[in-house]
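So you can see what is in the structure, the chains are spelled out below.
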Amino acid sequence: MPSKVRRHPEEDSKKKNRESSKGRNEETSEYKKGQRRDGVKFPRLNIGLGELHKKIIDSLPIPRPLFEDTKGTETLEEGKTEISFTNADFDGVYRPHNDVIVILSLIGMYKVRHVLIDTGRSISVIFSGAYSSMNLNEGQVEADDNPIVGFSGETVSAVGRVNLPTTVGGKTVMQYFSLLDCRAPYNSILGRDWINSMEEKGKEGPPTIERLIEVQIGDQEEHTTYIGAKLPEEERESLISLLKENKYVFAWSLKDIPGIDPTIACHRLDIRENYKPVRQKPCKMAPERKANVAEEIERMLEAGIIRPVRYPKWMENIIVVPKKNGKIRVCIDFTNFNKACPSDPYLLPRIPDLVDATSGYERLSFMDGYSGYNQIPLHKDDQEHTAFVTDKGVYCCVVMPFGLKNARGTYQRLVNEMFKDMIGKI
């Protein structure tokens with residue numbers, strides 16, 4: 001039997017090279033045939049990427065501006081404080097135009113760039129990158145214990161706050177800024193408080209809000225309410241008589257609140273079983289706030305809103321929130337507790353729908369429930385979970401407090417049940 005002949009490795013390599021060269025020649029032949037398909041000769045594509053990009057750009061038409069009559073951005077005269085936008089400001093801007101408003105402002109005699117105008121922020125802030133360069137005196141910085149809650153619910157504590165003159169567009173207002181020790185793409189943010197101050201500064205002509213007058217409708221002098229000053233005399237007297245006849249529905253203190261029957265509305269807490277309870281450590285509080293908090297705690301105890309508690313599994317800190325009338329509101333920091341509770345998907349009313357519903361009516365009346373949340377009882381088995389610590393002791397809520405994750409849904413259920421025969425009909 002003849003033995004197999006082994007080929008040398010160099011012969012195998014030469015054979016493979018010949019086969020590869022033959023394949024490339026066949027592809028080139030087919031390509032040349034394709035160039036002459038149907039009697040038409042096609043040139044080979046031999047253009048670099050840079051040259052191709054330049055040819056495409058040169059072949060595109062020049063974009064036309066939105067307004068053909070624009071002659072450049074108008075310049076304000078010296079000393080002119082009006083801020084307005086014309087067609088010239090849209091030169092080179094393509095709609096929809098949703099860019100943020102970033103300006104240059106004079107804050108505390110310092111020229112500050114990258115200042116964001118944010119209509120969704122309730123306060124104005126200066127970030128560490130800016131106030132560290134301002135060399136602010138310690139006497140200028142005031143204590144600020146109020147936490148800043150972000151859009152997603154995160155809480156940030158401010159280093160303090162400072163009142164500085166702020167100049168934009170020739171108008172200067174004294175503006176409070178919260179100092180935040182964190183990085184941000186902007187040096188400062190001007191919120192709604194600054195916008196309202198600027199509107200008051202530049203307000204001209206008659207006020208857009210009707211002036212109110214105070215009228216007594218109860219038996220005591222402090223039992224008053226407010227009505228429009230421009231109401232006709234006959235309509236005014238009729239309205240005052242109606243309010244006096246129904247004075248029992250008004251409340252002027254926590255003692256006047258009878259509360260809601262638990263069979264009608266009662267708030268329950270749904271806590272995940274596998275979630276470990278958290279006891280927050282007591283936080284420091286400014287000395288001037290402690291006296292106000294102690295007075296508020298006594299008032300809440302007297303009204304039956306809270307009660308003392310021992311050995312709670314959960315324990316939170318209190319947050320002091322100033323009111324417009326100069327008083328304070330004691331709230332509870334339920335940050336950890338809310339994480340242990342699932343969300344209530346109950347639908348809340350949409351603000352645009354409520355505004356559209358007022359169209360076509362001559363009168364608009366607002367009804368504000370006096371401590372509406374505190375009128376809804378909290379289930380007895382869930383009261384100890386709302387425990388909070390103060391200098392006077394540890395207490396828990398007897399009624400539904402502010403700050404709970406699903407409190408809004410419970411309150412909206414009650415309102416919808418109370419006015420179910422009237423909503424959308426009058």
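What comes next is a walk through the structure. Note that this is a predicted model, so its numbers are computed, not measured.

**Concerning the sheet that holds strand 11 (residues 306-308)**
Okay, step 1: Judged by pairing direction, the sheet is antiparallel, and its 3 strands sit side by side in the order 11-15-14 without closing on themselves. At either end of the open sheet lies a strand with only one pairing partner, and these are strand 11 and strand 14 (388-390). Across this sheet, the average inter-strand angle for adjacent strands is 40°, counted without regard to direction.
Okay, step 2: Alignment of strand 11 against strand 15 (residues 393-397), held across 3 bridges, turns out to be antiparallel. Bridge pairing in strand 15 places Arg307 opposite Cys396.
Okay, step 3: Contacts between helix 6 (residues 287-303) and the sheet are confined to strand 11, strand 14 and strand 15, with strand 11 contributing the most and set at about 100° to the helix.

**Quick look at the packing of aromatic side chains**
Okay, step 1: Taken as a whole and assessed by the stated rule, the structure comprises 6 aromatic pairs.
Okay, step 2: Seen from their ring centres, Tyr275 and Trp314 are 6.3 Å apart, and the 20° between their planes marks the pair as stacked. Here Tyr275 is found in the loop between helix 5 (233-245) and helix 6, whereas its partner Trp314 is found in the loop between strand 11 and strand 12 (318-322), with 39 residues between them in sequence.
Okay, step 3: A relative accessible area of 2% means that Trp314 is categorised as buried.
Okay, step 4: Aromatic side chains Trp314 and Phe337 sit 5.0 Å apart centroid to centroid with 90° between the ring planes, which places their arrangement in the edge-to-face category. Remark: Phe337 occurs in helix 7 (residues 335-339) and Trp314 occurs in the loop between strand 11 and strand 12; sequence separation between them is 23 residues. The same class applies to Trp314 as to Phe337, namely buried.
Okay, step 5: Its guanidinium or amino end placed over the ring of Tyr176, Arg161 lies 4.0 Å from that ring's centre, counting from NZ or CZ.
Okay, step 6: Directly above the aromatic system of Phe402 lies the positively charged group of Arg329, at a separation of 4.9 Å from the ring centroid.

**Focus: the pairing of strand 7 (residues 171-180)**
Okay, step 1: The sheet contact formed by strand 3 (residues 125-127) and strand 7 spans 3 bridges and is parallel. Across the sheet, Val125 pairs through a bridge with Ser178, a residue of strand 7.
Okay, step 2: The turn joining strand 6 (residues 160-168) and strand 7, which pair antiparallel and follow one another in sequence, is formed by 2 residues; a positive phi near 65° is taken by Gly169.

**Some words on helix 5**
Residues three or four positions apart in an α-helix share a direction because the helix packs 3.6 residues into each turn.
Okay, step 1: A rise of 1.5 Å per residue sets the reference length of helix 5, with its 13 residues, at 18 Å; its end C-alpha atoms lie 19 Å apart and thus fit the reference within 8%.
Okay, step 2: Regarding helix 5, the residues found buried are Arg236, Ile240 and Leu243. An end-on view of helix 5 places all buried positions within 65° of arc, on one side of the element. For helix 5, exposure combined with an orientation more than 90 degrees from the buried face picks out Glu234 and Glu245.
Okay, step 3: The inward-facing, buried residues of helix 5 abut strand 9 (212-216) and strand 10 (224-228).

**Describing the environment of Val398**
Okay, step 1: Within the fold, Val398 resides in the loop between strand 15 and helix 9 (407-418).
Okay, step 2: Here Val398 falls in the partly exposed class, since its relative accessible area comes to 22%.
Okay, step 3: Residues Val398 and Gly304, 94 residues apart in the sequence, show an inter-C-alpha distance of 7.2 Å.
Okay, step 4: Setting aside its immediate chain neighbours within four residues, Val398 contacts Gly304, Ile305, Ile306, Arg307, Pro377, Leu378 and Gln383.

Thresholds, definitions, all that
Residues numbered from 1 in each chain as written. Predicted model: local features only at pLDDT ≥ 70, side-chain atom pairs only at ≥ 80, totals over all residues. Heavy atoms only, no water. Pairing = 2+ DSSP bridges. Helix = DSSP H or I, 4+ residues; strand = E, 2+ residues; numbered from the N terminus. Axes fitted to C-alpha atoms, helices over the stretch in contact; angles between N-to-C directions. Contact = heavy atoms within 4.5 Å. Phe/Tyr/Trp six-rings, centres within 6.5 Å; stacked < 30°, edge-to-face > 60°. Buried < 20%, exposed > 50% of the residue type's maximum accessible area, 1.4 Å probe, protein only. Lys NZ or Arg CZ within 6 Å of the ring centre and 35° of its normal. Expected span 1.5 Å × (residues − 1). Arc of directions from axis to C-beta.

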